[in-house]
Amino acid sequence: MFWVLLLLLAWVATGSACARLCLVAVRAAAVDEQAGRGHDLTLYEAAFLSGGPARVADLTLVSMARRRRLLLAHTGWVTVVDPGGRDDMERSVLGAIGPRGQSEIAPVRRTAATAEAVRRLADHLVAAGLAVPDGARTTVAGAVRQVRAAAAAVLALGAVALLLPGQDPGDRGLVALWFAFPLVLALSCLAIARIEVHPYTRWASPAGQRLLGGLSRHSSATGDDRTYLTAVAVRGVRAIGEPELRAAFAHRERPR
């Protein structure tokens, strides 16, 4: 009856793994239920949820260029026209350009993306449940991996139990049946998690993704400057229509 001990180990591994996955899924659903209610995304928030800090820097550069406060040359250089920043993001970009008032776009983009203003924006979105915290996706993924490992452990323990000496052929069928129960439980949890547990993007939580979808639908109904900047916030610099402005960003990843 040594196989009974192996069966207990299989149940312990499967039960703990499935319980953890269920708890993680319930917490994620509870946060998603309350997040985003009554929240109207700003363009900076939409840019962060769509593409992270780098997208915020790109949006700020494009916005200032359209207002003739920066000159973005097709050679990949940015020149300050109006040195007065209207918000923290613009002041971060101007500070990244430096006192000479001219710089390559690539270092400006990198520096602005790591500015304190962007970090505060990220913290605000995480607190509102719209952005993915650093450990959220790893927690869900870790729980799923634990269930997969439990399923593999059940198979291994079941194989060991079937190979134990001194068992009748009829007993082996009974042993296989008992080990099938925890295996079915683990596989069922994995199947449910694949359907029910929300997919997390790199930056936006499920609530953030819903707000981004609503923002895109709302902005498509108008044709003003905000629509243009919304497209840049959601889709990135590939949404830029002007050839010269797009050429300026084509140099943004050029090695110094």
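Every chain is numbered independently, its residues counted from 1 as its sequence is written. Only residues with pLDDT of at least 70 are given local features in this predicted model, and only at 80 or more are side-chain atom pairs given and counted; all residues enter the totals for whole chains, interfaces and linings. Just so you know, side-chain values use all the structure's heavy atoms and leave hydrogens and water out.

As for the packing of helix α3 (residues 88-97) against helix α4 (residues 105-113)
Stage number 1. Helix axes are fitted to C-alpha atoms over the stretch in contact, other axes to C-alpha atoms as well, and angles between N-to-C directions run from 0 to 180 degrees. Comment: elements are numbered from the N terminus, with helices defined as DSSP H or I runs of at least four residues and strands as E runs of at least two. For the pair α3 and α4, interaxial distance at closest approach is 8 Å and the crossing angle is 135 degrees. Put simply, α3 runs oblique to α4. Seen from above, α3 lies across α4 with right-handed handedness. On α4, the residues touching V93, A96 and I97 of α3 are V108, T111 and A112.
Stage number 2. Classifying every residue of the contact of α3 with α4 gives five nonpolar, one polar and no charged. Angle categories: roughly parallel below 35 degrees, roughly antiparallel above 145, roughly perpendicular from 65 to 115, and oblique for all the rest. We call a crossing left-handed when the near helix sits turned anticlockwise from the far one by less than a right angle, and right-handed when that turn is clockwise. The criterion used for residue contact is that any of the two residues' heavy atoms lie within 4.5 Å. Charged residues are taken to be Asp, Glu, Lys and Arg, nonpolar residues to be Ala, Val, Leu, Ile, Met, Phe, Trp, Tyr, Cys and Pro, and polar residues to be all remaining types, Gly included.

Description of the packing of helix α2 (residues 43-66) against helix α9 (residues 225-235)
Each pair of packed helices gets described by two things: the angle between the helix axes and the distance between those axes.
Stage number 1. Running from N to C, α2 and α9 cross one another at 135 degrees; their axes reach a closest spacing of 7 Å. Relative to α9, α2 is oriented oblique. With respect to the hand of their crossing, α2 and α9 are arranged in right-handed fashion. In this structure, α2 contributes L43, A46, A47, S50, R55, L59, V62, S63 and R66 to the contact, and α9 contributes D225, R226, Y228, L229, T230, V232, A233, V234 and R235.
Stage number 2. Of the residues that constitute the contact of α2 with α9, the class distribution is 10 nonpolar, three polar and five charged.

A closer look at a nonpolar patch on the surface
Stage number 1. Note on patches: the residues involved have over 30% relative accessible area and no salt bridge, like charges join within 9 Å, and the nonpolar side chains Val, Leu, Ile, Met, Phe, Trp and Tyr join within 5 Å. Surface accessibility in these figures is a Shrake-Rupley result with a 1.4 Å probe; residues are shielded only by whichever protein chains are displayed. A side-chain nitrogen of Lys or Arg and a carboxyl oxygen of Asp or Glu constitute a salt bridge if their distance falls within 4 Å. A surface patch of nonpolar side chains, about 550 Å² in accessible area, is lined by W11, L174, L177, W178, F181 and L185.
Stage number 2. Per-element accounting of the nonpolar patch gives the leading share, five residues, to helix α7 (residues 169-196).
Stage number 3. Within the secondary structure, L177 is located in helix α7.

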